[in-house]
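# Descriptive analysis of the structure
Residues per chain, in single letters:
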Amino acid sequence: SSRTDERMGRRGSLDSPASAHSRGSRGSNGTHTSSKPKLKSFRCHSSSDPLACLAVTSDGMGGNIVFSGGHDDIVLAYGISSACALASLYSHRDAVTGICIIDRASFSESARHSKSFIGSSTSDLSTHLMISCSWDATVKIWSVTLADGETVSINREPVAELFDADSSIVCLDAIEVQKCNVVICAGCTDGSLVFWFCGMDGTKDVIHRERAARGSCSCVKWTTNLITGDTILFAGFSAGNISAFLLRDKVLQAVSSLHLGSPVKCLDIHQNLAVVGCADGGLRVATFTCAGRLKTEPRLWKNVNGGASPGISSVCIRKLSGGDGGEVAKHAGIKQFLNDGTLLCSIGAENGNVTIYEMDNNCI
């Protein structure tokens, strides 16, 4: 059973949110006087069809590109500073439900120049790999080149097409391992998981299938333990479970599972914390060991998006720090803490609201 902490604003719990509207005091004439700047939309892109996934990356020269996928079956690259569509790709035969971008600069020199390595045979100049998945039950890998000025080029021929899923794919994540390989995980509507290993030698093998047993898979997230170097996958399911899998030497091992009491909609990982958004509007935070073993009794915060308690559709947790991140926090009207224990947690709700909280990592 989950522990509940409703003491909002106290140290060790979620602090008061910096919402999309500024808070302040009333002036002498009874009007509302804002004491904090408002969160403002920077750029906006709209689609006639629902969007299903987003991935953000940098061109390395100060530009930022958003790759979006949705029910129009198209992947669109959108420039943040240029405020326009930069490239599009139509290949999937149904809604694009997941996108992951991997920077090829993280690979070893030998991997980047290997002709058999994924992406090398089609474009030696490509800077990134884009991995997309769809309700059409396929995963596709693409060579993408990003250049100064938010310039995007997508090779129209996929590097690889993976047809091993038995049902529609609803989520995907990929991670670079050993500086020369990529491991991909896709979660399906029947609750199954499929894992692929794509190596420097050109191999693209299914290394594990997890049978359907937990309701539909709603989210998957890879992480690497900074101490042991172990690669761990976390998956959330509509039955209310999150499960952890440990990857070692191309072998997946189920490590632990935890029941949260509400269908899981989204999750994010920070160090040893799994932050999970659920359909009941509650935010759960579970800790895990270096090997990915989830500890019991996750902490629960109810109604984080208001009394109506809409389901949480997306969550992102990052450490507050100086530099650019501090400037973002400053201009957003969010109190900036520079100690090691303060995290910034952004939560999206099914009713369209976004709420931003401060979270003390040291007291979870």
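Check the entry above for the structure.
Note that residues are indexed from 1 along each chain, following the sequence as it is written. Whole-chain, interface and lining totals are the exception, using all residues; otherwise, since this is a predicted model, local features are given only for residues with pLDDT of at least 70 and side-chain atom pairs are given and counted only at 80 or more. The basis for every side-chain value is the complete set of non-hydrogen atoms in the structure, without hydrogens or water.

The next thing to look at is the pairing of strand S7 (residues 84-90). Note: two strands are recorded as paired if DSSP finds a minimum of 2 bridges between them. Numbering of helices and strands runs from the N terminus, with a helix taken as a DSSP run of H or I at least four residues long and a strand as a DSSP run of E at least two residues long. Of the pairings in the sheet, the one linking strand S6 (residues 74-79) to S7 comprises 6 bridges and is antiparallel in character. The residue bridging Leu76 from the neighbouring strand is Ser88, located in S7. The loop that links S6 with its antiparallel partner S7 comprises 4 residues; one of these, Ala83, has a positive phi angle of about 55 degrees.

Let's shift gears to the nonpolar core. In terms of nonpolar packing, the biggest core is built from 23 residues, with Ile102, Ile131, Val139, Ile141, Val182 and Ile184 touching the most fellow members. Those elements that provide at least two residues to this core are strand S8 (96-103), strand S9 (128-134), strand S10 (139-147), strand S12 (160-162), strand S13 (169-177), strand S14 (181-188) and strand S15 (193-198). Note on terminology: a nonpolar core comprises buried Ala, Val, Leu, Ile, Met, Phe, Trp, Tyr and Cys residues joined through side-chain atoms within 4.5 Å. Under the scheme applied here, a residue whose accessible area is under 20% of the maximum for its type counts as buried, over 50% as exposed, and between as partly exposed, the area being computed with a 1.4 Å probe on protein chains only.

Let us look at the sheet that holds strand S25 (residues 312-319). One open sheet holds the 3 strands; their spatial order is S25-S26-S27, and the pairing between them is antiparallel. If you trace the sheet from one side to the other, it starts and ends with S25 and strand S27 (354-360), each paired once. Strand-to-strand twist of the sheet, defined as the mean angle between neighbouring strand axes without regard to direction, takes the value 20 degrees. Here strand S26 (residues 342-349) pairs with S27 via 7 bridges, running antiparallel. Note that in S27 the partner of Thr342 across the bridge is Asp360. Axis definition: a line fit to C-alpha positions, over the contact stretch in the case of helices; interaxial angles, taken between N-to-C directions, run 0 to 180 degrees.

Position of Thr342 among the secondary structure elements: in strand S26. Given a relative accessible area of 7%, Thr342 falls into the buried group. The spacing of Thr342 and Lys319 is 23 residues in sequence and 6.3 Å in space, taken between C-alpha atoms.

The next point concerns the pairing of strand S21 (residues 264-270). Across the 7 residues of S21, 6 count as buried, placing the element largely inside the fold. Direction of pairing for S21 relative to strand S22 (residues 273-278): antiparallel, over a ladder of 6 bridges. Paired with Cys266 across the two strands is Gly277, which belongs to S22. Remark: 2 residues form the turn of the hairpin made by S21 and S22, two consecutive strands paired antiparallel; Gln271 in that turn has positive phi of roughly 50 degrees.

This paragraph deals with the environment of His128. Tracing the backbone shows His128 in strand S9. Judged by its relative accessible area of 5%, His128 is buried. Distance in space between the C-alpha atoms of His128 and Asp103 is 4.5 Å, their sequence separation being 25 residues. Side-chain polar atoms of His128 contact the side chain of Thr127, separated by 2.7 Å. Pairs of N or O atoms are called polar contacts if they sit within 3.5 Å, as long as, within protein, a hydrogen donor faces a hydrogen acceptor (for residues adjacent in sequence, only side-chain-to-side-chain pairs).

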